[in-house]
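One-letter residues, chain by chain:
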Amino acid sequence: MSGLEKRTVLLNTLFNFGAVLVSLFISVYLYVYTKSIPIMCLQVICRIAMFPLFFSLAYKMSLRCRLGVTYTIGLVLITLSLVYTLVIGERFAIHPYLVVGQAMIYGTGEGFFWYSTNTSNQIIPTRESRNLFLSYNGIFSNTAAILAPVFSTVILSLTETETEGYRVILYSITAVFALVSCVAFSIGKRTEDREDCLKESFLLAGKDERIRKFYLSYIIYGLVNGMSLGLINLMIFRAVGSGNTYSRLQILFSLTTVSGFYVIRYLFAWGRVSMTFKVGAAIRVAAIAVLALVPNTAGAVIHGILYAASNVFFDNCVSFISGFLIDDYPRQKSALVVTREVMLSIGRIASMLLVLLFYRLLPGEAYLVVTPILLSLAAIWTERLLLSCRR
C-alpha cells in the first residue's frame, strides 16, 4: 500500500477507537437519563437527517479544498456534541427532548466526517490495492474496536457508579478526537469531480439501470443498518442489565470481527464474494432474530457473536461491491459517494420511523420483537439487489 493509504488506515483506526466508545456509550448514557427507547429513536432520526445536507455541503467544499479540511470540521463538531452531552448531563432526565440538540450537532459533524472518510476510502486505494486496503483497514479498525471496550471496562470498574464511568469515557473520547483531527488535517487528497457531478449522479438513476438498482439497494440496506445506530446497542444493554457486562461482551464481539477479517481476505482473493455475501445476509437475519426473541444475557452473547460475523461477511461485501461499482464511473466517484449515503440515510430514517410506528400500534414491548425481525429481512433483499448490479 502507498503512504497515503497507510495514513488513511491509521486515521480510520484512531477514529474507530473513539467511534466504538461513542456508539457503545452515547446511546446508553442518554438512555440512562431518558428511560425511553422511542425518544432514542427520535435522537437517531434527527442525527441521520443531518447527513444528506452536510454530506452535500462537504462535497461542495472538497471541490475547493483538500479532504483534510472537511475531516477536521467534522471532528470538531463531533467533539462539540460530546461537550454538549457532558454539560447537559442530568438535565436530560428532566428535559429528554434535549437529545435532539445533541443529535443535530453530532449528525452535522458525522456528515462532514463520513463524507471525507467514504470519499478517501473510495478514491485513495486503487482497484489493485482495494482488497488489501479493506482487509488491513478492517483488521486495524477492529483491533481498535477490541481495545475500546477493554478501556471502557477498566474505567467502569474504577469508578464508583456506571454513570460517572460513562462521563469519564466521554471525556476520554473528546481527547481521542482531538488527536484524530491532527492526523486528519494532513490528508492532502482532493476530489476530482466537476461542479455539476452531484446533480448528474442523481439524474443518472433515470438513465442507468445499474445505478437505479444500486441506489435502491442502499435504501433497503439502510433499513437493516439503521438499527445498528442505537437500537441494537440498547437492546443488548437492556438484556444484560449492566454497563460493565455490556462492555466486557463487546470485547468478545470485536475479537470475532477481527478473526473474520483474516478469513474474508482469502475468500475475496478466491472470488467467493457472492457466496460470502449470501452467508453474511443469512447470519445478520439470525443474529437480530436471536436478540429479539431471547432478550437475556445468553441471547445477547449469541446475537453478538453472530452479528460480529455478519459485520464481516455482510457489511464488508456491501462496501466491496459498491466500491467496485463506483470505480466504473470515474468522473463521478465523489458525487456517487454522496448520493449513495443519501439513499442510505433515507433507509435508516425509515427504519426508525417503523420502530416508532410499531411502538404505537403494538401492545407493551412487542415492537421490540416484531420490528427488528421484519427489518432484518432487508439484509436478504440488499444482497440480491446489490449482486444484480455487478458486471
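Cut-offs applied
Residues numbered from 1 in each chain as written. Predicted model: local features only at pLDDT ≥ 70, side-chain atom pairs only at ≥ 80, totals over all residues. Heavy atoms only, no water. pLDDT = per-residue confidence, 0-100. Helix = DSSP H or I, 4+ residues; strand = E, 2+ residues; numbered from the N terminus. Salt bridge = Lys/Arg side-chain N within 4 Å of Asp/Glu carboxyl O. Buried < 20%, exposed > 50% of the residue type's maximum accessible area, 1.4 Å probe, protein only. Axes fitted to C-alpha atoms, helices over the stretch in contact; angles between N-to-C directions. Parallel < 35°, antiparallel > 145°, perpendicular 65-115°, else oblique. Left-handed = near helix turned anticlockwise from the far one by under 90°. Contact = heavy atoms within 4.5 Å. Phe/Tyr/Trp six-rings, centres within 6.5 Å; stacked < 30°, edge-to-face > 60°. Nonpolar A, V, L, I, M, F, W, Y, C, P; charged D, E, K, R; others polar. Core = buried A, V, L, I, M, F, W, Y, C linked by side-chain atoms within 4.5 Å. Polar contact = N/O pair within 3.5 Å; in protein donor to acceptor, adjacent residues only side chain to side chain. Patch = residues over 30% accessible without salt bridge, like charges linked within 9 Å, V, L, I, M, F, W, Y side chains within 5 Å. Areas by Shrake-Rupley, 256 points an atom, 1.4 Å probe, with all protein chains shown as cover.

Asker: Looking at this structure, how should I read the confidence of the model for the protein?
Answerer: Low pLDDT marks stretches whose predicted atomic positions should not be read closely. On average, residues of the protein carry a pLDDT of 82, and 92% of them reach 70 or more. The lowest-confidence element of the protein is helix α8 (residues 197-203), averaging 69 in pLDDT; the highest-confidence one is helix α15 (residues 367-376), averaging 92.

Asker: Just checking my understanding: could you explain the pattern of salt bridges for this structure?
Answerer: One side chain can pair with another of opposite charge once the charged atoms of both are near each other. The final tally for this structure, using the stated rule, is 7 salt bridges. The salt bridge partner of aspartate 328 is arginine 210, with a shortest N-O separation of 3.2 Å. Here the residue aspartate 328 occupies a position in the loop between α13 (297-327) and α14 (333-361), and arginine 210 occupies one in helix α9 (residues 209-225), the gap between them amounting to 118 residues. Taking relative accessible area as the criterion, arginine 210 reaches 13% and is therefore assigned buried. Across the salt bridge formed by arginine 238 and glutamate 365, the nearest N and O atoms sit 2.6 Å from each other. Taken as a pair, arginine 238 in helix α10 (residues 231-240) and glutamate 365 in the loop between α14 and α15 lie far apart in primary sequence, 127 residues in all.

Asker: Even after reading the chapter, I still don't get the packing of helix α3 (residues 67-88) against helix α5 (residues 99-123), so can you show me in this structure?
Answerer: Pairs of packed helices are described in terms of their axes, by the angle between the two and the distance that separates them. It is the contact of α3 with α5, at a shortest axis distance of 8 Å, that shows an interaxial angle of 150 degrees. Relative to α5, α3 is oriented roughly antiparallel. Judged by the twist between their axes, the crossing of α3 over α5 is left-handed.

Asker: Honestly, the environment of valine 370 in this entry has me stumped. Any pointers?
Answerer: Tracing the backbone through its elements, the reader meets valine 370 in helix α15. Looking at valine 370, the relative accessible area reads 31%, which means it is partly exposed. Setting aside chain neighbours within four positions, we find valine 370 in contact with Phe358 and Leu362.

Asker: Whenever I open this one, helix α16 (residues 378-387) confuses me. Can you help?
Answerer: The α-helix advances 3.6 residues per turn, and as a result positions three or four apart in sequence lie on the same side. For α16, the tally of buried residues reaches 7 of 10 residues, placing the bulk of the element in the interior. Along α16, the residues that are buried comprise Ala378, Ala379, Thr382, Glu383, Leu385, Leu386 and Leu387. Those residues of α16 that are buried lie in contact with α9, α12 (273-293), α13 and α15.

Asker: Please clarify how the packing of aromatic side chains should be interpreted in this entry.
Answerer: According to the stated counting rule, one finds 19 aromatic pairs in the structure shown. Their ring planes at 40 degrees and their centres at 6.0 Å tell us that phenylalanine 214 and tyrosine 215 sit as a pair that is tilted. You'll find phenylalanine 214 and tyrosine 215 in the same group, each marked buried. Measuring from ring centre to ring centre gives 5.6 Å for phenylalanine 277 and phenylalanine 314, while their planes differ by 40 degrees; the resulting arrangement is tilted. A residue pair is termed long-range when its members are at least 10 positions apart, and phenylalanine 277 in helix α12 and phenylalanine 314 in helix α13 qualify at 37 residues.

Asker: Would you mind showing me how to read the packing of α5 against α14 here?
Answerer: The interhelical angle for the contact between α5 and α14, taken along N-to-C directions, is 135 degrees, at an axis separation of 10 Å. The pairing of α5 with α14 is recorded here as oblique in orientation. Crossing of α5 against α14: the hand is right-handed. Residues Tyr115, Asn118, Thr119, Gln122 and Ile123 of α5 form the contact with α14, whose participating residues are Lys333, Ser334, Val337, Val338, Arg340 and Glu341. When the residues that make up the contact of α5 with α14 are grouped by side-chain class, the tally is 4 nonpolar, 4 polar and 3 charged.

Asker: For this particular structure, what's the right way to read the nonpolar core?
Answerer: Taken as a class, soluble globular proteins show a tendency for nonpolar side chains to be buried jointly. Of all hydrophobic cores here, the largest spans 122 residues; its most connected members are Ile211 and Phe214. Per-element tally for this core: the top contributor is helix α1 (residues 3-34), with 15 residues. Leave out the neighbours within four places in its chain, and isoleucine 211 touches Leu204, Ala205, Leu325, Tyr329 and Leu336.

Asker: Any chance you could explain the side chain of serine 116 here in plain terms?
Answerer: With respect to the helices and strands, serine 116 occurs in helix α5. Side-chain polar atoms of serine 116 contact the backbone nitrogen of tyrosine 71, separated by 3.2 Å. A distance of 2.8 Å separates a polar atom in the side chain of serine 116 from the backbone oxygen of phenylalanine 112.

Asker: What am I meant to see in the environment of proline 38 here?
Answerer: Residue position: proline 38 is located in helix α2 (residues 37-62). For proline 38, a relative accessible area of 16% translates into the label buried. Along the chain, proline 38 and methionine 352 lie 314 residues apart, while their C-alpha atoms are 8.8 Å from each other. If we ignore the near neighbours within four places in the chain, the residues touching proline 38 are Leu356, Tyr359 and Tyr367.

Asker: When you look at a nonpolar patch on the surface in this model, what are you seeing that I'm missing?
Answerer: On the surface, Val150, Val154 and Leu158 cluster together to form a nonpolar patch covering roughly 270 Å² of accessible area. Relative to the assigned elements, valine 150 resides in helix α6 (residues 130-158).

Asker: Honestly, the environment of leucine 386 in this entry has me stumped. Any pointers?
Answerer: Positionally, leucine 386 belongs in helix α16. Note: C-alpha distance between leucine 386 and serine 172 (214 residues apart in sequence) is 39 Å. Those residues within four positions of leucine 386 in sequence are excluded, and the remaining contacts are Phe214, Ser217, Phe277, Val318 and Ile321.

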